[in-house]
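Summary of the model geometry
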Amino acid sequence: MLTYDTLGIIFANMHERSVMEMTQDRSMASLPFGGRYRLVDFALSSFVHAGISQVGIVTKNNYQSLVDHIGTGRDWDLARRRGISILSPYSYTSSEGNMAFHGRIEAIYACRDFLQHSLSEYVVLADSDHVCSPDITDIVNFHIESGADVTMVVRDPDPDPENVANSVAVRCDESGRINDIMFNRYDSSYFQSMNIMVVGRLKLLELVEEASAHAKTLFERDILLERLGELKVMAYRYKGYVRRITGLKSYYKISLELTDPRISSELFGSQTIYTKVHDSPPVRYSIGCDVKNSFVADGCTIQGTIENCVLFRDVVIEKGAVVRNSVIMQNTHVCAGAELDGVVTDKDVTITEGKKLSGDADYPLYIKKRSVV
Amino acid sequence: MKECVAMLLAGGQGSRLYALTQNIAKPAVPYGGKYRIIDFPLSNCTNSGIDTVGVLTQYQPLELNEYIGNGRPWDLDRLDGGVHVLPPYQKSSGSDWYLGTANAICQNIRFIDRYDPQYVLILSGDHIYKMDYRRMLDVHKASHADCTISVMKVPMEEASRFGIMNADENDIIYEFEEKPKNPKSDLASMGIYIFSWDVLREYLLKDDADPDSEHDFGKNVIPAILNDGKRLKAYRFEGYWKDVGTIASLWDANMDLLNPSRPFDVWAKENRIYSRPQSLPPHFIAEGAKVENSLITEGSQVFGEVESSVLFGGAYVEEGAEVSFSLLLPGARVKKGAKVRYSIIAENSVVGEGASVGASPEEFSQIDDWGIAVVGPGLKVGRNADIKANAMIYDDVQEGEVKC
């Protein structure tokens, strides 16, 4: 538990262009993941476990599903005096007119009122593209003890080219102080940023106001890299489960990895991940169903065959349907005799009788929300 | 002011559930994978628009109190009304435990009066059913009754196990018989009553003053109201209703959920049953597992075989283990090669490697010798132990030990 009041900020829309198919009418933060969660649940739950009781979610567009998911914040225990605030773009209206921000600096500058009114000592900033469940208390304590101005949470580098795109890599000295920052490039001697940062609240306001006055946009490039000499920017090395969603392919791969109990227990074993409560009843497995190696959320009815699948809530797999190597989102109905392999179905999809659809691990077939195939 | 306040009798010990109610009150007993018995009356209240519920607790209330909390899972955290846990308390004139169902309500007359209701709905915490109490209240109002009792038809040969209502062609009750030897009707009381509050209030005070009374609704208050010629109406309920007061009926009621003809539908989107969330990840069925005709809940992991069983949150079936016709309550674990049949394994208990719990009724020539085996909460059953059918386990069982 943190010993200083700390504020959490989550950027809901950053990186959503990388999974364009799935973010047409939702933000990155509200992308469904892991059977019953949305990506925002991971950062929110980590915050709550550290005792953070004030969180702002910075949104830009497409945030209706996020507003619906968060509600009052009570499912994360954030229906409190300060609690959770969704900072919609309309709250940034200023005398200069409504600003659609670009980049993190403008985004933070736009919600500076929220930061100014907070009484917190520190701010933890997180994006929604990483799936992980870090111990925020440990990260903030590291920040305080190291006397850093800014702490970046980093992981061991991953040479996967998809992961290198739009990534931030840092090099540090033995003390963990960052002495170089690189963009979109892999180097085995650089750690990769997890887009989670800690900074003092007043320091953040000062940095952002200064940068904004100089029309700067990118936090890592225009503030951190530019001022590495004078600012003490530290790297906190995170060694637990972490995956980054960089596109449909990686979404598919990371989802199906959860059918390995060693991997799912790494993600879910350390601290509870909270999410919106749906009151779905238990899963009903019928006589004659065949289920292998699958991760299944409540509310489903399984009469057919499923193998290597992640099933979200309230999915129906009818008798004679065969679903393999697929991610099936909430309320999908797979009718009798249909066969799916290598497919990602979005919410409320219906696959009618006898249809056969398949994709590949390198190119999964995505079926849009509310489609009837 | 509230039109109708519900009072939920949740103080029962549930002594016929033995090991399952050693440390918890009967309404807190788990049911159906992710529920507890009390979720049913509480969800029914909220789905019926009743937002003020007094829960009368007495026996082992700790877990039940914690579970109910501020009532938020059932939408019963209200500015005006909401759910209130009402334990017995000390008064200037002395103090008493709740002496009976009627006495429990009588001791809380002041609670009910605060809401100045026209009607009071009396519920109990040991039944599994879905009901819209508004329909019953409509009947109560339309028939100008003083008391309306919910009844359902039971097979005539079983009628002598229930409180039987003898009613005229307009369903006006003229006689009430508790467990009659020779029942005259097949209308059984479901233990759900609506009273006009002024009438009930008067009879509770009268009953309280009677030193010979057992202060029980069925035995004292309702007969007294009937004898005075008040108007008692039978409300006929058609649907699933089950008293889960015994091990056999609790097990049966869970197995009913697996019946393909589905007499009881918890999957329907309307009138959902709510429960306090455990926030567990989705469940996992492994490569070599076999699952058939079962209910499985979040947090469970299955590596072995599960057939015709209900797995509650966080239940774990290891490789090579076999679970059939059984309930694994939250956190129960069945280790490698163990066999669990026709059994209830309570919360967080562990069945050791190669152990056997319970047996199929087909192995018995005298069916009366057979019964569900129960392993109480938090226990360890040692390797290769053998727990026979009908056994009730209260303590750890050693390696290789045989228990009857």
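First, a word on what this report is: a plain description of the structure on this page.

Thresholds, definitions, all that
Residues numbered from 1 in each chain as written. Chains lettered and ligands numbered in written order. Predicted model: local features only at pLDDT ≥ 70, side-chain atom pairs only at ≥ 80, totals over all residues. Heavy atoms only, no water. Helix = DSSP H or I, 4+ residues; strand = E, 2+ residues; numbered from the N terminus. Rg over C-alpha atoms; globule rule 2.2 N^0.38 Å. Buried < 20%, exposed > 50% of the residue type's maximum accessible area, 1.4 Å probe, protein only. Contact = heavy atoms within 4.5 Å. Areas by Shrake-Rupley, 256 points an atom, 1.4 Å probe, with all protein chains shown as cover. Phe/Tyr/Trp six-rings, centres within 6.5 Å; stacked < 30°, edge-to-face > 60°. 1 Å grid on protein atoms, 1.4 Å probe; cavity = no way out; pocket = protein on both sides within 12 Å on 5 of 7 lines; lining within 4 Å. Points joined across faces, edges and corners; volume = space filled by probe spheres on them. Core = buried A, V, L, I, M, F, W, Y, C linked by side-chain atoms within 4.5 Å. Axes fitted to C-alpha atoms, helices over the stretch in contact; angles between N-to-C directions. Parallel < 35°, antiparallel > 145°, perpendicular 65-115°, else oblique. Left-handed = near helix turned anticlockwise from the far one by under 90°. Nonpolar A, V, L, I, M, F, W, Y, C, P; charged D, E, K, R; others polar.

Turning our eyes to something else, we now look at the overall build of chain A. Scanning chain A from terminus to terminus reveals 10 helices and 28 strands. Taking 2.2 N^0.38 as the reference for a compact globule, 373 residues should give roughly 21 Å; the C-alpha atoms of chain A span a radius of gyration of 21 Å, in line with that estimate. Buried positions account for 59% of the 373 residues belonging to chain A. Counted over contacts in chain A with a minimum sequence separation of 6, partners at least 24 positions apart contribute 58%. In the form shown here, chain A has an accessible surface area of approximately 14500 Å², with 46% of it arising from carbon and sulfur atoms.

With that settled, consider the packing of aromatic side chains. In total, this model carries 23 aromatic pairs over all chains according to the counting rule given. Consider the rings of Y37 of chain A and F268 of chain A, whose centres lie 5.3 Å apart with planes at 25 degrees: the pair is stacked. Separated by 231 residues along the polypeptide, Y37 of chain A in strand 3 (residues 37-38) and F268 of chain A in helix 10 (residues 261-268) bring together distant segments of the chain. The class of F268 of chain A is buried, set by a relative accessible area of 11%. Ring geometry for Y31 of chain B and F40 of chain B: centres 5.4 Å apart, planes at 75 degrees, overall edge-to-face. For Y31 of chain B, a relative accessible area of 0% gives the class buried.

Okay, the layout of surface pockets next. Estimates place the volume of the largest pocket at around 1600 Å³. R16, K26, D126, H127 and D243 of chain B are the residues nearest the centre of the largest pocket, which is lined by 50 residues in total. Listed by contribution, the elements that provide at least two residues to the lining of the largest pocket are helix 3 (101-106), strand 8 (119-124), strand 10 (147-153), strand 12 (173-178), strand 13 (187-196), helix 7 (217-227), strand 15 (241-243) and helix 8 (247-256) of chain B. In this structure, the second largest pocket spans a volume of roughly 840 Å³. Among the elements of the structure, helix 3 (103-110) and helix 8 (219-225) of chain A are those that each provide at least two residues to the lining of the second largest pocket. By residue number, the principal contributor to the lining of the second largest pocket is helix 8 of chain A, which donates 3 residues.

Counting residues in hydrophobic clusters, the biggest one holds 76 residues, and the most contacted among them are L20, V53, L121, L123, Y133, I192 and I344 of chain B. A per-element tally of this core places helix 8 of chain B first, with 5 residues. In this view, L20 of chain B contacts V29, I247, L250, L329, I344, A346 and V374 of chain B; residues no more than four positions away in its chain are not counted. Residues I306, L340 and L357 of chain A together with A355 of chain B belong to the second largest nonpolar core, which totals 52 residues.

Moving on, we get to the packing of helix 6 (residues 197-209) of chain B against helix 7 of chain B. Any two packed helices are characterised by how steeply their axes cross, that is the angle between the axes, and by the distance between the axes. Residues and elements named next belong to chain B. Two elements in contact, helix 6 and helix 7, have axes whose closest approach is 10 Å; the angle formed by their N-to-C orientations is 120 degrees. Regarding the angle of helix 6 to helix 7, the classification is oblique. Between helix 6 and helix 7 the crossing geometry is right-handed. Each of L200, Y203, L204 and D207 in helix 6 lies in contact with helix 7, whose residues at this interface are F217, N220, V221, A224 and I225. Tallied by class, residues from the contact of helix 6 with helix 7 come to 7 nonpolar, 1 polar and 1 charged.

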